[in-house]
Amino acid sequence: MSITAENSASAARRQRPKIVFTGSVGAGKTTALKTISSIPPVTTDVRASEAEVLAVKDETTVAMDYGHLMLASGVKVDLYATPGQERFSFMWDILGKGSTGLILLADASRPDPLADLAFFLERFRPIVRDAPMAVGITKADEGAGAVEPLQQYLKQLDPPVPAVAVDAREAVQVKRLVFSLLLRIDPGLLR
Ligand SMILES: Nc1nc2c(ncn2[C@@H]2O[C@H](COP(=O)(O)OP(=O)(O)OP(=O)(O)O)[C@@H](O)[C@H]2O)c(=O)[nH]1
Ligand SMILES: [Mg+2]
């Protein structure tokens with residue numbers, strides 16, 4: 001891509017940002033998107049048959065969730081959430097491509113949240129390229145001990161990745177996380 005074409009592509013992304021939520025099964029991606037979307041979201045949840053999913057909930061995303069968030073500035077932010085199951089990882093590439101920002105949800109109640117996080121970071125870094133990332137640590141109420149180690153791990157990365165505890169059911173908390181990412185994309189978006 002020429003430098004001019006690349007500049008206009010990144011300008012277009014700032015005018016209509018695309019934020020993608022990802023993370024392991026049950027981390028709260030669908031819940032977070034539903035909580036903050038300005039429209040009833042499009043979801044592809046179906047009854048789960050996998051033991052990994054059934055251990056935490058009845059339904060799982062098989063393709064994607066879509067919604068959007070209208071900012072006071074009039075800018076529409078497209079919101080996408082990926083499936084968490086690795087067997088649908090072809091959707092990770094499709095949805096992650098062209099994203100303006102990535103929100104990685106790390107479920108603190110899982111057996112090894114650090115391994116989950118490292119896996120998703122490594123998998124998504126080449127897809128989202130230099131788009132900023134932020135981590136939301138969900139279910140801190142069930143796995144409080146995981147928060148500090150996750151934050152320490154993310155702090156020593158180059159570049160460091162900011163992380164906050166967030167309950168995916170709470171719109172104020174999810175919006176704060178999304179806005180922190182939008183500020184890094186273009187502070188003008190929140191004027
Ligand atoms: N206790 C607790 N529950 C939470 C929190 N955040 C989300 N949940 C719950 O965790 C579940 C998350 O489910 P989903 O939103 O479907 O998870 P998902 O990441 O979309 O999962 P897949 O699509 O299967 O990959 C829901 O039942 C939420 O109510 C939290 O901070 N604490
Ligand atoms: Mg889901």
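Relevant structure appears above.
Cut-offs applied
- Residues numbered from 1 in each chain as written.
- Chains lettered and ligands numbered in written order.
- Predicted model: local features only at pLDDT ≥ 70, side-chain atom pairs only at ≥ 80, totals over all residues.
- Heavy atoms only, no water.
- Near = heavy atom within 4 Å.
- Polar contact = N/O pair within 3.5 Å; in protein donor to acceptor, adjacent residues only side chain to side chain.
- Areas by Shrake-Rupley, 256 points an atom, 1.4 Å probe, with all protein chains shown as cover.
- Helix = DSSP H or I, 4+ residues; strand = E, 2+ residues; numbered from the N terminus.
- Nonpolar A, V, L, I, M, F, W, Y, C, P; charged D, E, K, R; others polar.
- Salt bridge = Lys/Arg side-chain N within 4 Å of Asp/Glu carboxyl O.
- Buried < 20%, exposed > 50% of the residue type's maximum accessible area, 1.4 Å probe, protein only.
- Axes fitted to C-alpha atoms, helices over the stretch in contact; angles between N-to-C directions.
- Parallel < 35°, antiparallel > 145°, perpendicular 65-115°, else oblique.
- Contact = heavy atoms within 4.5 Å.
- Expected span 1.5 Å × (residues − 1).
- Pairing = 2+ DSSP bridges.
- Right-handed = clockwise from strand over helix to strand, strands pointing away.
- Donors = N, O, S within 2.8 Å, 3.2 Å for Na, K, Ca; no water.

### So, the site of ligand 1
In step 1: Around ligand 1 lies a shell of 20 residues, among which Lys 29, Thr 31, Lys 57, Thr 60 and Thr 61 are the nearest.
In step 2: A distance of 3.0 Å separates an oxygen atom of ligand 1 from a polar backbone atom of Lys 139.
In step 3: Here a nitrogen atom of ligand 1 and a side-chain polar atom of Asp 141 are 2.8 Å apart.
In step 4: Burial of ligand 1 by the protein chains amounts to 86% of its free accessible area of 670 Å².
In step 5: At the level of elements, α2 (29–36) and β3 (59–61) are the ones that each hand at least two residues to the shell around ligand 1.
In step 6: Considering every element that reaches the shell around ligand 1, the biggest residue donor is α2, with three residues.
In step 7: Classifying every residue of the shell around ligand 1 gives five nonpolar, eight polar and seven charged.

### Side note on the pattern of salt bridges
In step 1: Going through the model one piece at a time under the given rule, you end up with seven salt bridges.
In step 2: Measuring nitrogen to oxygen at the nearest pair gives 3.2 Å for the salt bridge that ties Arg 123 to Asp 93. Placement of Arg 123 in helix α5 (residues 113–128) and of Asp 93 in helix α4 (residues 90–96) is noted, with a sequence separation of 30 residues between them.
In step 3: Classification of Arg 123 as partly exposed rests on a relative accessible area of 25%.

### Focus on the packing of α2 against helix α7 (residues 171–185)
In step 1: Between α2 and α7, the shortest axis-to-axis distance is 9 Å and the interhelical angle comes to 95°. Regarding the angle of α2 to α7, the classification is roughly perpendicular. Contacts between α2 and α7 involve Ala 32, Thr 35 and Ile 36 from the former and Ala 171, Val 174, Lys 175 and Val 178 from the latter.
In step 2: Of the residues assigned to the contact of α2 with α7, the class counts are five nonpolar, one polar and one charged.

### Focus on α5
In step 1: An ideal rise of 1.5 Å per residue puts 22 Å on 16 residues; α5 measures up with 21 Å between its terminal C-alpha atoms.
In step 2: If you check which residues of α5 are buried, you get Pro 113, Asp 116, Leu 117, Phe 120, Leu 121, Phe 124, Ile 127 and Val 128.
In step 3: A positive backbone phi angle near 50° is found at Arg 129, which sits one or two residues after α5.

### Focus on the pairing of strand β6 (residues 101–107)
In step 1: Counting buried positions along β6 gives seven out of seven residues, so the element sits mostly inside the fold.
In step 2: Residues of β6 alternate between two faces, with Gly 101, Ile 103, Leu 105 and Asp 107 on one and Leu 102, Leu 104 and Ala 106 on the opposite face, all of them buried.
In step 3: Of the strand pairs in this sheet, β6 and strand β7 (residues 133–138) are connected by six bridges, and their pairing is parallel. Bridging from a neighbouring strand, Leu 104 pairs with Val 135 of β7.
In step 4: Each parallel crossover has a hand, and for β6 linked through α5 to β7 it is right-handed.

### Focus on the coordination of the magnesium ion (ligand 2)
In step 1: Those donors, Thr 30 (OG1) and Thr 61 (OG1), are the protein atoms that reach the magnesium ion (ligand 2), and they lie 2.0 to 2.1 Å from it. Remark: Thr 61 occurs in strand β3 and Thr 30 occurs in helix α2; sequence separation between them is 31 residues. One exposure class covers both Thr 30 and Thr 61, and it is buried.

### Points about the environment of Ala 108
In step 1: Within the fold, Ala 108 resides in the loop between β6 and α5.
In step 2: When the C-alpha positions of Ala 108 and Lys 139 are compared, they lie 5.5 Å apart, and in sequence the two are 31 residues distant.
In step 3: Dropping the residues within four chain positions of it, Ala 108 is found in contact with Pro 113, Ile 137, Thr 138, Lys 139, Ala 140, Gly 143 and Ala 146.

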